Amino acid sequence: MTRSLWQTAGLLALLGWATGANAAIAGAIQRQPTNWTAILMFAGFVAITLFITGAAARRTRTVSDFYTGGGITGFQNGLAMAGDYCSAASFLGITSQIFNDGYDGLIYAIGFLVGWPIVLFLVAEKLRNLGQFTFADVASYRFLQGPVRSFAAVSTLLVVSFYLIAQMVGAGQLVQLLFGLPYLYAITVVGGLMMIYVLFGGMRATSWVQIIKAVMLLCGATFLVLGVMLHVGFSFETLFARAVAVKTRLALESGLSPSDAAAKGRAIMGPGGFIKDPISALSFGFALMLGTAGLPHILMRFFTVPDAREARKSIMWATVWIGYFYALTFILGFGAIVMISFNPDYVGVGGALRGGNNMAVMHLAHAIGGNLFLGFISAVAFATILAVVAGLTLSAASAISHDIYASVIRKGAADPIKELRVSRITTILLGISAIILGVVFEKQNVAFMVSLAFALAASGNFPVLVMSLLWKGCTTNGAAWGGAIGLLAAFGLTVLSPVIWVAVFGFAHAIFPYSSPALFSVPAGFAAIWLISMLDRSPRAAIDKAGYASQRLRSETGIGVHDSVAH
Amino acid sequence: MRIASDPRYAALVRDRQRFSWTLTAITVLVYSGFISLVAFDKPLMAQPIGGGTISLAVILGAAMLLGTVAICAVYVRRANGEYDARLAELLASTRA
């Protein structure tokens, strides 16, 4: 992808950059020499996680074991959420964005973080109190199971598919960059390992893969930040002043006048070209914020803890670690400006990073800790993708086996052994399709797919959850059809927006001019649920409304939770 | 069910709901304010603070990260403390 395309793709592309693993696809990919240190370290990570999967497999016998892992603490779950959320791409993408343009990278980082308090305040405890395995348990609690579960399963599969394609393609690209191995190897390794984790270890193995990865990523990034701070005498003022001096000198060398060069150097300390029109900015911000509260693989993590109290603690810790991680990436971006800008081993002629646009933090790792540490950080980046895809696969598999098979087809009377078998078959099918999709989309622009996943989650799942939890008048038809309209609005507006209409279809002007649909599609979802529920005169609507009181009581108090949660 | 008609239950739900919506509103407003500053007043954001290199944007960005963690801490502290204690008391007295 060219740099100019990035600019047209704007916010959305960068959202994909920062959340999807497709970090590496910005800029030309040059396959690197085979990096055996990185491969060995990664093999070590795989060995540990397979060992854990083996241990988890012996304890994964019931459907509940498979979907929830038999229960972990809020602290562990918080780490696992951070492991699920902090992708390789935020690590590589945001640091490189700061290395190039300075401050702007922090704006995405903040957007990714502010969704968490919303999840905490509005849905976390009610979700835990009402649900068992999937968010559809909660969304369909007092409604007719068929329509609402079907909506939730379709929405889960859509969100997961777009997210997963971006991760698979990103993994392939990243492996070419970091390990020097071919694309297909990477796709197969990722698809195969995620199948093994989920198939045998279920949620227990997935949680531990995410926890280990989060600890590795946080430790690695902390070590790098210590290296940077040591270099600048532990003074932020020195760090920023030297970064400005470096950018000024680069501008002077490119032939700018001294005053223009000074202004260009200073520009890294404030917001730059990232946000052009305020509508896109706000819309993008809302997609991030509300999408987090509708991502099925994140919501599913609430059922791994025993009660609402631990669910709240999970988010507390997730927010601490994710916030800490983004603060580290900010320092690393500026550290990279100071430490690698003038080293010809890292930066080629014209200021381009060697190996691709997203390699800033990798070069910084080499500058600080040598080959061994570079290998470690590369292995962490790849492990990160595995942790994310395992969580995605598990949530898609449970949408099929728990929501569609057990609840809709078998009307809630499924044989648990058969349900478990269905989830495992689904996992295998998902693993194979993920590999095929990874191959099919290798050369495509997948940057918009993660942002589309966030927009779909914000416009479909989030309104359905909020309305079913908090509004008595919500009915089966309102939730199922209103949610579907929210999804369609997000999807349709994304197709009509510049990232697809112009960049993919090649039309001259986008029909929908903003880069994110959320500011319009989220209200559309809410309005549709409200309107359809208000007009709903069916006999079922009366039952739906009458069920609110007991749903409300359970969501607020947790009475009855332990009857349904067989831990 | 007896709990549902207990005035302490109604009070608990009302208090917790008011608290969570207040914090939600604060989060949304502060974040929208931050994005609007970024969108509408870039020169102000780039202004150095205290005569050094560090700009207002960096300070506000760091405050956003810290503030997000802090507002979660405020909610969890109260919900896991005061509200859970009131709920436990309510459950104990209605079961007894």
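As the structure is a prediction and not an experimental result, all values here were calculated from the model.

*Asks:* It is not clear to me how the overall build of chain A should be interpreted in this structure. Could you clarify?
*Replies:* In terms of helices and strands, chain A carries 23 helices and zero strands. In terms of overall size, chain A behaves like a compact globule, its C-alpha atoms giving a radius of gyration of 23 Å where 567 residues would be expected to give roughly 24 Å. Seen through its principal axes, chain A has C-alpha atoms that stretch 75 × 50 × 40 Å. Buried positions account for 64% of the 567 residues belonging to chain A. Intrachain contacts of chain A at a sequence separation of at least 6 include 85% that bridge at least 24 residues.

*Asks:* Help me out: how do you make sense of the overall build of chain B in this one?
*Replies:* When you go through chain B residue by residue, the secondary structure sums to three helices and zero strands. Sequence-ordered secondary structure for chain B, helices as α and strands as β, is α-α-α. Against the compact-globule benchmark of 12 Å for 96 residues, chain B has a radius of gyration of 20 Å, which places it well outside the compact range. For chain B, the proportion of contacts with a sequence separation of at least 24, taken over those separated by at least 6, is 58%.

*Asks:* It is not clear to me how the interface of chain B and chain A should be interpreted in this structure. Could you clarify?
*Replies:* Frequently, the measure chosen for interface size is the accessible area that the parts lose on association. Every contact between the two is made by 40 residues of chain B and, on the other side, 41 residues of chain A. With 17 residues, helix α3 (residues 56-95) of chain B is the single largest residue contributor to the side of chain B that touches chain A. Grouping the constituent residues of the side of chain B that touches chain A by class yields 27 nonpolar, 11 polar and two charged.

*Asks:* Before we go on, may I ask you to explain the packing of helix α4 (residues 74-85) of chain A against helix α14 (residues 308-340) of chain A in this structure?
*Replies:* Two quantities define a packed helix pair, namely the angle between the axes and the distance from one axis to the other. All names here are of chain A. Here α4 crosses α14 at 45 degrees, and the two axes come no closer than 7 Å. In terms of axis orientation, α4 runs oblique to α14. Note on packing geometry: the crossing formed by α4 with α14 is right-handed. Between α4, through Gly74, Phe75, Asn77, Gly78, Leu79, Met81, Ala82 and Tyr85, and α14, the contact on the second element is made entirely by Glu310, Lys313, Ser314, Ile315, Met316, Trp317, Ala318, Trp321, Ile322 and Phe325.

*Asks:* Honestly, the packing of helix α8 (residues 145-178) of chain A against helix α16 (residues 416-440) of chain A in this entry has me stumped. Any pointers?
*Replies:* All names here are of chain A. Contact geometry for α8 and α16: axes closest at 9 Å, N-to-C directions at 65 degrees. Where α8 crosses over α16, the two elements pack in a sense that is right-handed. Residues Leu164, Ile165, Met168, Val169 and Gly172 of α8 pack against Ala434, Leu437 and Gly438 of α16.

*Asks:* Before we go on, may I ask you to explain helix α22 (residues 548-557) of chain A in this structure?
*Replies:* Every α-helix carries 3.6 residues per turn, so stepping three or four residues along brings you back to the same face. All buried positions along α22 of chain A are accounted for by Gln551, Ser555, Glu556 and Thr557 of chain A. Looking one or two residues past α22 of chain A, Gly558 of chain A carries a phi angle of roughly 80 degrees, positive in sign.

*Asks:* Even after reading the chapter, I still don't get the nonpolar core, so can you show me in this structure?
*Replies:* One broad trend across soluble globular proteins is that nonpolar side chains are buried collectively. Residues and elements named next belong to chain A. Core analysis: the biggest nonpolar cluster contains 231 residues, and Val190, Leu364 and Leu386 have the highest contact counts within it. The greatest single-element share of this core, amounting to 31 residues, is contributed by helix α15 (residues 360-409). Excluding its chain neighbours within four sequence positions, the residues that come into contact with Val190 are Met168, Ala171, Ile385, Leu386 and Val389.

*Asks:* Looking at this model, I keep getting lost on unusual backbone geometry. Mind explaining?
*Replies:* As a rule of thumb, non-glycine residues mostly have phi less than zero, and peptide bonds are mostly trans rather than cis. Residue and element names in this part refer to chain A. Positive phi, close to 55 degrees, is recorded for Phe234, a residue that is not glycine. Following the sequence through the fold, Phe234 ends up in the loop between α9 (183-231) and α10 (236-253). Classification of Phe234 by C-beta neighbours within 10 Å gives exposed; the count is 11. Even without being a glycine, Lys411 presents a positive backbone phi close to 55 degrees. With respect to the helices and strands, the residue Lys411 is situated in the loop between α15 and α16.

*Asks:* Please explain the confidence of the model for chain B as it appears in this structure.
*Replies:* Caution is warranted with low-pLDDT regions, since their predicted coordinates should not be read in detail. All names here are of chain B. On average, chain B scores 91 in pLDDT, and the residues at 70 or more come to 98%. Per-element confidence in chain B is highest for α3, whose mean pLDDT is 94, and lowest for helix α2 (residues 42-46), whose mean pLDDT is 89. Predicted as a complex, the structure gets a pTM of 0.89 and an ipTM equal to 0.95.

*Asks:* Explain the environment of Ala479 of chain A to me, please; I cannot follow it from the model alone.
*Replies:* Residue and element names in this part refer to chain A. If you trace the backbone, Ala479 turns up in helix α18 (residues 476-496). It is 7.8 Å that separates the C-alpha atoms of Ala479 and Ser533, two residues lying 54 residues apart in sequence. Apart from residues no more than four positions distant in its own chain, Ala479 is found in contact with Ala139, Phe143, Val148, Val464, Met467, Ser468, Cys474 and Ile529.

*Asks:* Please clarify how the environment of Ala484 of chain A should be interpreted in this entry.
*Replies:* All names here are of chain A. Within the secondary structure, Ala484 sits in helix α18. Assessed through the 19 C-beta atoms surrounding it within 10 Å, Ala484 is described here as partly exposed. In sequence terms Ala484 and Val148 are 336 residues apart; their C-alpha atoms lie 9.9 Å from each other.

*Asks:* Explain the confidence of the model for chain A to me, please; I cannot follow it from the model alone.
*Replies:* Of the residues in chain A, 93% have a pLDDT of 70 or more, and the chain-wide mean is 87. Segment residues 1-27 of chain A: pLDDT under 50, and 102 contacts once partners within four positions in sequence are set aside and those in other chains are kept.

*Asks:* Just checking my understanding: could you explain the environment of Leu295 of chain A for this structure?
*Replies:* All names here are of chain A. With respect to the element layout, Leu295 can be found in the loop between α12 (278-292) and α13 (296-299). Spatially, the C-alpha atoms of Leu295 and Ala399 are 13 Å apart, while their sequence positions differ by 104 residues. With near-sequence residues (within four places) excluded, Leu295 lies in contact with Val159 and Ala457.

Reading the values: the criteria
Residues numbered from 1 in each chain as written. Chains lettered and ligands numbered in written order. Predicted model: local features only at pLDDT ≥ 70, side-chain atom pairs only at ≥ 80, totals over all residues. Helix = DSSP H or I, 4+ residues; strand = E, 2+ residues; numbered from the N terminus. Rg over C-alpha atoms; globule rule 2.2 N^0.38 Å. Buried ≥ 20, exposed ≤ 12 C-beta atoms within 10 Å, placed from the backbone. Contact = placed C-beta atoms within 7 Å. Nonpolar A, V, L, I, M, F, W, Y, C, P; charged D, E, K, R; others polar. Axes fitted to C-alpha atoms, helices over the stretch in contact; angles between N-to-C directions. Parallel < 35°, antiparallel > 145°, perpendicular 65-115°, else oblique. Left-handed = near helix turned anticlockwise from the far one by under 90°. Core = buried A, V, L, I, M, F, W, Y, C linked by C-beta atoms within 7 Å. pLDDT = per-residue confidence, 0-100.

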